[in-house]
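Residue strings, one per chain:
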Amino acid sequence: DDECGAITFNRTLSGELDGGTLRAFLELVNPVDTIVSVDTVEVFPLPDMPQIIGVPDGPLCDGELLNLSVNYPDGVQWYRDSLPVLPGDEVVLEVNSSGDYYVSYTSEDGCRVYSNTAAIEFVPIPMVPAFTVGQNRLTLFDPNALPAFAVLQWYLNGEPLAGETGQLLCITVSGLYELEVTDAVTGCSSTYSLPVNYNPNLPNC
């Protein structure tokens, strides 16, 4: 029962070990256990890429509303400029601002695919072409506010007046007069209307 010495060892040491007055032969046996695990991995096919329906050929005018739709009835999520549109999980998306839009579809198996990106642009409409009334003459108030490539058209009670495309209009009857200005570059237009009474004492303006 006397202490003969001390030997320090770990699992990597084996053979004859010397602890001063104590000598020992150490053999460590490390059995290797082999564990076999079997499982099944199922790979689902990717669904077809979703298609965006209703993409316009060119820019739209401010104030217009565009409806984009997708060819999947559910499992969709819309994105604008890489950020999800909230809630954005409907088949139809109402769009009224510029941006890059796309949609994802997630199948029942959890596989997700993305559509191509649709670049939607809204451009400003021209300034309202207000006009003044004086002595049976209608005159565009601010010609300098017109677009560089402006097209004008006068209307009477909703009907276009043939050949009346200038900044002045000499009226011959009372009615609701309207002036429309269209930017020939963008195709966007704005209108201004005003009921005007004709003064027969001032013919030919």
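Before any of the text, the structure's been laid out above.
From a predicted model like this one, the values you see are computed outputs, not experimental measurements. (Residues numbered from 1 in each chain as written. Predicted model: local features only at pLDDT ≥ 70, side-chain atom pairs only at ≥ 80, totals over all residues. Heavy atoms only, no water.)

Student: Could you clarify how one ought to interpret a negative patch on the surface in this entry?
Tutor: Taken together, the side chains of Glu42, Asp74, Glu108 and Asp109 present a region of like negative charge at the surface. Among the secondary structure elements, Glu42 is positioned in the loop between strand 2 (22–26) and strand 3 (52–53). (Patch = residues over 30% accessible without salt bridge, like charges linked within 9 Å, V, L, I, M, F, W, Y side chains within 5 Å. Areas by Shrake-Rupley, 256 points an atom, 1.4 Å probe, with all protein chains shown as cover. Salt bridge = Lys/Arg side-chain N within 4 Å of Asp/Glu carboxyl O. Lys, Arg positive; Asp, Glu negative; His and termini not counted. Charge placed at Lys NZ, Arg CZ, Asp CG, Glu CD. Helix = DSSP H or I, 4+ residues; strand = E, 2+ residues; numbered from the N terminus.)

Student: Looking at this structure, I do not really get the state of the cysteines. What am I missing?
Tutor: Simply put, the disulfide is a covalent bond whose two ends are the sulfur atoms of two cysteines. Evaluation of the coordinates by the stated rule reveals two disulfides. Disulfide pairing places Cys61 opposite Cys188 at an S-S distance of 2.0 Å. With the S-S bond torsion at -100°, the cross-link from Cys61 to Cys188 turns out left-handed. Here Cys61, found in strand 4 (residues 60–61), pairs with Cys188, found in the loop between strand 18 (175–183) and strand 19 (189–196); they are 127 residues apart in sequence, far enough to count as distant. The partner cysteine of Cys170 in its disulfide is Cys205, sulfur to sulfur 1.8 Å. Note on the Cys170 and Cys205 pair: the S-S dihedral is about 135°, so by sign convention the disulfide is right-handed. Of this pair, Cys170 sits in strand 17 (residues 168–170) while Cys205 sits in the segment after strand 19; the two residues are 35 residues apart in sequence, bridging distant segments of the chain. (Disulfide = S-S within 2.5 Å.)

Student: Looking at this model, I keep getting lost on a nonpolar patch on the surface. Mind explaining?
Tutor: Where nonpolar side chains cluster on the molecular surface, the patch consists of Phe9, Leu13 and Leu28 and spans about 240 Å² of accessible area. Mapped onto the fold, Leu13 is located in the segment before strand 1 (15–19).

Student: Got a minute to help me understand the nonpolar core in this structure?
Tutor: Across soluble globular proteins, nonpolar side chains have a tendency to be buried as a group. In this structure, Leu68, Trp78, Val95 and Ile120 are the most contacted members of the largest nonpolar core, which totals 17 residues. Elements with a minimum of two residues in this core: strand 5 (66–70), strand 6 (76–80), strand 8 (92–95), strand 9 (99–106) and strand 11 (118–120). Aside from chain neighbours lying at most four places away, what touches Ile120 is Val55, Pro56, Leu60, Leu66, Val95, Ser98, Gly99 and Tyr101. Of all hydrophobic cores here, the second largest spans twelve residues; its members include Phe131, Leu140, Leu156 and Val181. (Core = buried A, V, L, I, M, F, W, Y, C linked by side-chain atoms within 4.5 Å. Buried < 20%, exposed > 50% of the residue type's maximum accessible area, 1.4 Å probe, protein only. Contact = heavy atoms within 4.5 Å.)

Student: Sorry if this is basic, but what is going on with the sheet that holds strand 14 (residues 137–140) here?
Tutor: Strand-to-strand pairing in sheets goes through backbone hydrogen bonds, with the strands running parallel or antiparallel. Judged by pairing direction, the sheet is antiparallel, and its three strands sit side by side in the order 13-14-17 without closing on themselves. Either end of the sheet is taken by a strand with one partner, and the two such strands are strand 13 (131–134) and strand 17. Across the sheet, the mean angle separating the axes of adjacent strands is 15° when strand polarity is ignored. Pairing geometry for strand 13 and strand 14, over four bridges, is antiparallel. Of the residues in strand 14, the one forming a bridge with Val133 is Leu138. (Pairing = 2+ DSSP bridges. Axes fitted to C-alpha atoms, helices over the stretch in contact; angles between N-to-C directions.)

Student: Quick question: what am I supposed to make of the pairing of strand 14 here?
Tutor: Within a regular beta strand, the side chains point alternately toward one face of the sheet and then the other, so they alternate between its two faces. Burial of the side chains of strand 14 is restricted to one face: Leu138 and Leu140 are buried, whereas none of Arg137 and Thr139 on the reverse face is. Between strand 13 and the antiparallel strand that follows it, strand 14, lie two residues; Gln135 among them carries a positive phi value of about 55°. In the sheet, strand 14 pairs with strand 17 via three bridges, with the strands oriented antiparallel. From the neighbouring strand, Thr139 faces strand 17, where its bridge partner is Leu168.

Student: Before we go on, may I ask you to explain the packing of aromatic side chains in this structure?
Tutor: According to the stated counting rule, one finds six aromatic pairs in the structure shown. Arranged with centres 4.9 Å apart and planes meeting at 10°, the rings of Tyr79 and Tyr102 form a pair that is stacked. Within this pair, whereas Tyr79 is found in strand 6, its partner Tyr102 is found in strand 9, the two being separated by 23 residues in sequence. Comparing Tyr79 with Tyr102 shows no difference in burial state: the two are buried. An angle of 65° between the planes, with centres 6.1 Å apart, marks the rings of Tyr102 and Tyr114 as edge-to-face. Pair noted here: Tyr102 is in strand 9 and Tyr114 is in strand 10 (residues 112–114), with a separation of twelve residues, a long-range link. Among the residues examined, Tyr114 registers a relative accessible area of 39% and is labelled partly exposed. (Phe/Tyr/Trp six-rings, centres within 6.5 Å; stacked < 30°, edge-to-face > 60°.)

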